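Listed below are the residues making up each chain.
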Amino acid sequence: MSITRRDFFGAGATAAASFALGRPAGVAPVTASPFWRVSRAGREAGRPAVIASANGLRGVAKALDLMQHGADPLDAAIAGVNIQELDPTDHSVGLGGLPNEEGVVQLDASCMHGPTRRAGAVGAIEDIATPSLVAKAVMDYTDHIFLVGAGAKQFALEMGFTPQDLLTPESRQMWLRWKANLNPNDNWLDHDDDVKGAYTHGTCNMNAVTASGDIGSVTTTSGTSWKLPGRVGDSPIIGAGQYNDNDVGAAGSTGRGEANIKICGAFFVVEQMRLGATPEEACLRALQRAVAMTEARLLDTRKHPRYDLTYYAIAKDGRYGSANMYEGAQFAIADAAGARLETCAYLFKRDDRPTGPVPAHALTH
Ligand code: ASP
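In this report, we go over the structure that sits alongside the text. Every value quoted in this text rests on a predicted model; they were computed, and no experiment measured them.

1. Some remarks on the pairing of strand E7 (residues 242-245)
Two faces belong to every sheet, and in a regular strand the side chains alternate between them.
Turning to step 1, where the next piece is worked out: Judged by which residues are buried, E7 turns out to be covered on both faces: Gln-242 and Asn-244 on one side and Tyr-243 and Asp-245 on the other are all buried.
Turning to step 2, where the next piece is worked out: Pairing of E7 with strand E8 (residues 249-255) involves four bridges; the strand directions are antiparallel. Among the inter-strand pairings, Asn-244 is bridged to a residue of E8, identified as Ala-250.
Turning to step 3, where the next piece is worked out: Connecting the antiparallel pair E7 and E8 is a turn made up of three residues.

Okay, structure coming up:
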């Protein structure tokens, strides 16, 4: 009877698995979870193909269409995330993104261009709705990779981006509700109805592969809502929020940035694919590493994380996969079969969600 690599993991035979994946001697194995789920074995997309966070459903369709008409993979992916950045009803990115604790919208974004092996990023940029395009301008027009804060905005203005107020009436309301419910002893009156939905998080990550196997990746976000001014998350950090290697594939993440930064998540996923993991296996392994690196205050008594994290990955040959910490999440994919949502693999079942107090970056699905 033949045993597949996944069977090895399922049986907990990590030693055999590490051999199969070519892990160098001395590198600690990642413990297999009994709750791995693979919705559809293989996840074989043809090329071109685009994978994204679920909010990128319209974007993957757009990016695929652009690549089918000859567009560069990074230009296509950025055009895809621009749809969300400019949509005031998506409170996780760009215009309408949720602000920091002082009511100021500060955006993060990064991108990588596989064929030319270049990267660009901006952190905590204000008043520019499309930080993904500013990140690409940093890549295209400077000898730097990462601009932040006032300098990033100044650069964007010099490049001709138009500044605008990114706080919409709706996102301002959400911020005010959060403020009003912060402290029962302050001078704001509590409105119980307002508490629901007061916290939102999210990001848009998109990774594209052309028909000829060239790769582009981009991540854009308003970050965790009500964050401290100046906080920069994982999204603009090359190797955390997104990463690609034109010889291997691309990966990106959404969810608790502080957990992802510590494991250089997107780089980790791409390196796992380089070692032979499928995109989905690579995403699951990154989640396991994130759990292993989680501080005690963010774990419940069963060592389940009190936060959410999702990885998205695509290989150079078009295979794709995504995994979320908890059962029930979806991702967007577009290929010859069209644009659609598919179910993420996961580490923990829905019923195994953490017990006890849930801090910021609560589970949202
Ligand atoms: N990853 C983003 C950040 O930490 C937020 C999110 O995706 O929820 O800034």
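2. Let's talk about the nonpolar core
Turning to step 1, where the next piece is worked out: Core analysis: the largest hydrophobic core is formed by 39 residues, its most contacted members being Val-50, Ile-125, Val-134, Met-206 and Val-218.
Turning to step 2, where the next piece is worked out: Grouped together as the second largest cluster of nonpolar side chains are 32 residues, Phe-268, Leu-298, Leu-309 and Ala-315 included.

3. Comments concerning the pattern of salt bridges
Turning to step 1, where the next piece is worked out: Evaluated as defined, the whole model comprises 17 salt bridges.
Turning to step 2, where the next piece is worked out: We note a salt bridge from Arg-117 to Asp-245, for which the minimum N-O separation is 3.3 Å. Here Arg-117 is found in the loop between strand E2 (107-113) and strand E3 (118-125), whereas its partner Asp-245 is found in strand E7, with 128 residues between them in sequence.
Turning to step 3, where the next piece is worked out: Residue classification places Asp-245 among the buried positions, given a relative accessible area of 11%.
Turning to step 4, where the next piece is worked out: We note a salt bridge from Asp-127 to Lys-153, for which the minimum N-O separation is 2.6 Å. Linking Asp-127 in the loop between E3 and helix H5 (131-141) with Lys-153 in helix H6 (residues 149-158), this pair joins segments that are 26 residues apart in sequence.
Turning to step 5, where the next piece is worked out: Residue classification places Asp-127 among the partly exposed positions, given a relative accessible area of 24%.

Basis of the calculations
What you see as residue numbers is a count from 1 along each chain, following the sequence as written. Residue-level local features of this predicted model are given only where pLDDT is at least 70; pairs of side-chain atoms are given and counted only at 80 or more, and the full residue set underlies all totals for whole chains, interfaces and linings. Side-chain measures here rest on the full set of heavy atoms in the structure, leaving out hydrogens and waters. The buried label goes to any residue with under 20% of its type's maximum accessible area, the exposed label to any with over 50%, and the partly exposed label to all in between, with areas taken from a 1.4 Å probe on protein chains only. Think of it this way: any DSSP run of H or I at least four residues long counts as a helix, any run of E at least two long counts as a strand, and we number them from the N terminus. DSSP calls a pair of strands paired once it identifies at least 2 bridges connecting them. To define a nonpolar core, start from buried Ala, Val, Leu, Ile, Met, Phe, Trp, Tyr and Cys residues and group those joined through side-chain atoms within 4.5 Å. Here, a salt bridge means any side-chain nitrogen of Lys or Arg that lies within 4 Å of a carboxyl oxygen of Asp or Glu.

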